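What follows is the residue order along each chain.
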Amino acid sequence: MLHRLTNWLKTRVRGRDFEAFQIEVTSRCALRCAMCPRAALAERWPEKDLPWPVFERIAAAFPQVEHVHLQGWGEPLLHPRLFDMVGVAKAAGCRVGFTTNGTHLTPEVGRRLLDLDLDLLAVSIAGATGATHDRIRLGSSLQGILANVRGFLALRADRGGRRPKVEFMYLMLKANIQELPDAVDLAASLGVDELVATNLEHVVTPVHDELKIFEEPARRELYGQILEEAAARARRVQVAFRAYPLDLNEVAVCEAKPHRILYVSHDGWVSPCNYVTLPGQAEFARYFGGRPVLLSAVRFGNVLEQDLAAIWNTPNYCAFRQRFAQRRLATITGVVSGMQEAGGDGGAGPGGARGLQPPAPEPCQTCYKLYGL
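What this report covers is the structure whose coordinates are included nearby. These figures come from a predicted structure and were not determined experimentally.

Calculation rules
Residues numbered from 1 in each chain as written. Predicted model: local features only at pLDDT ≥ 70, side-chain atom pairs only at ≥ 80, totals over all residues. Heavy atoms only, no water. Helix = DSSP H or I, 4+ residues; strand = E, 2+ residues; numbered from the N terminus. Buried < 20%, exposed > 50% of the residue type's maximum accessible area, 1.4 Å probe, protein only. Contact = heavy atoms within 4.5 Å. Lys, Arg positive; Asp, Glu negative; His and termini not counted. Charge placed at Lys NZ, Arg CZ, Asp CG, Glu CD. Salt bridge = Lys/Arg side-chain N within 4 Å of Asp/Glu carboxyl O. 1 Å grid on protein atoms, 1.4 Å probe; cavity = no way out; pocket = protein on both sides within 12 Å on 5 of 7 lines; lining within 4 Å. Points joined across faces, edges and corners; volume = space filled by probe spheres on them. Nonpolar A, V, L, I, M, F, W, Y, C, P; charged D, E, K, R; others polar. Pairing = 2+ DSSP bridges. Axes fitted to C-alpha atoms, helices over the stretch in contact; angles between N-to-C directions.

A short note on the overall build of the chain
A tally of helices and strands in the chain yields 14 helices and 14 strands. When the backbone C-alpha atoms are referred to their principal axes, the chain occupies close to 60 × 50 × 45 Å. Going through the 373 residues of the chain one by one, you find that 53% of them count as buried. Across the chain, contacts joining residues at least 24 apart in sequence account for 72% of those joining residues at least 6 apart. Within the chain, one finds 43 positive and 40 negative side-chain charges whose respective centroids are separated by 3 Å.

Side note on the pattern of salt bridges
In the structure shown here, the tally under the stated rule is 28 salt bridges. Between E19 and R260 there is a salt bridge whose closest N-O contact spans 3.9 Å. Of the two residues, E19 sits in strand β1 (residues 18-23) while R260 sits in the loop between β9 (240-243) and β10 (261-264), which places them 241 residues apart along the sequence. On the basis of relative accessible area, E19 is assigned to the partly exposed category, the value being 22%. Since its relative accessible area comes to 8%, R260 is described here as buried. Close ionic contact of R38 with E47 constitutes a salt bridge, the shortest N to O distance being 2.6 Å. Through salt bridges with shared partners, a single network forms among D182, D185, E229, R233 and R236.

Looking at empty space enclosed by the protein
Applying the stated criterion to the full structure yields two cavities of 30 Å³ or more. Lining the largest cavity, in full, are C254, A256, P258, P272, C273, Y275, V276, F320, C364, C367, K369 and L370. Residues that form the lining of the largest cavity fall into these classes: eleven nonpolar, no polar and one charged. Put simply, the second largest cavity is a space of about 30 Å³. As for the second largest cavity, its lining consists of E201, H202, V203, Y275, R286, Y287, T366, C367 and Y368. Tallied by class, residues from the lining of the second largest cavity come to five nonpolar, two polar and two charged.

Some remarks on the sheet that holds β10
Read across the open sheet, the ten strands follow the order β9-β8-β7-β5-β4-β3-β1-β10-β11-β14; overall the sheet is mixed. Two strands lie at the open edges of the sheet, namely β9 and β14 (301-302), each paired on one side alone. Running at roughly 160° to strand β7 (residues 165-171), helix α7 (residues 142-159) makes contact with β5 (120-125) and β7 of the sheet.

Remarks on the environment of H69
Positionally, H69 belongs in strand β3 (residues 65-69). Owing to a relative accessible area of 13%, H69 belongs among the buried residues under this scheme. Excluding anything up to four places from it in sequence, H69 contacts F21, Q22, I23, G97, F98, T99 and L120.

Below, the structure written as structure tokens:
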């Protein structure tokens, strides 16, 4: 059974080589969000857009990509050629989306995005009331964002389509977790397709560390009850709802999927994901388990100097990905061995999948994404 399974994994054929490219089209943003690394590192944060020639070099690989997400550590709607970028990616047969703070989602912007047949529009909110959201996402107005989203959904309805999918991205923090169930009702009242409740995984200061809601044993039961209430409300009002877990549980490969997804910064640097690099920072601090860890940015090459295929196949990048391939195989081996030891009842057995896994690459070991958050 194990032999057949591993052979299937090796020989499986996909339509395209990459699941996704995440492209940071700009590092600029007009907001000063309480939890954003940009606010904490303002004095040495570059305010720049992805140059068009750099985008063209990335776009040469789009025929091998399933999804293109045009957002990194900035607000994508500030880029003067964002619509051209969407058009190029769509013409290459990619699904295309981006995450926005919603403040620039004007009717004209909405019409252009609908004309381009955008696939995904994710809008970030940080509360169900203006008092909470506006205090966290400084410089924005929840009421203004809701008006923009309502107008966009009306335009979509007038076209008679269901694209793009519109999501609310709700960052769960101590200051707003109580409003999550009400945010579900808010999403349903607008006609938003899904609400996704996410964690603050990228923590770069002690202040940020105090904002997150996981690793809080004294409040774990309370937070769990709030998530259960939000899920129950979502079922009642029939809106899709997904919440990230509150408990650390190491996974073989994190949600960033570095074996099939890559990240390109606004200045052309290629990294496995946006959690191992920050704009303009050769080194940066990350708080993990309440303690600071100093990291060097993980970058495997720049598209101004090499094409993406050459960067993807550099020895260091291959070795980085191979570690995750080994972890995936160890998980499969552990599960099958556990089933055999347990008589096929699905038990993990002694020395299960986690115990067999080789360690993740060092920069990932202190990233909360590796622990399922």
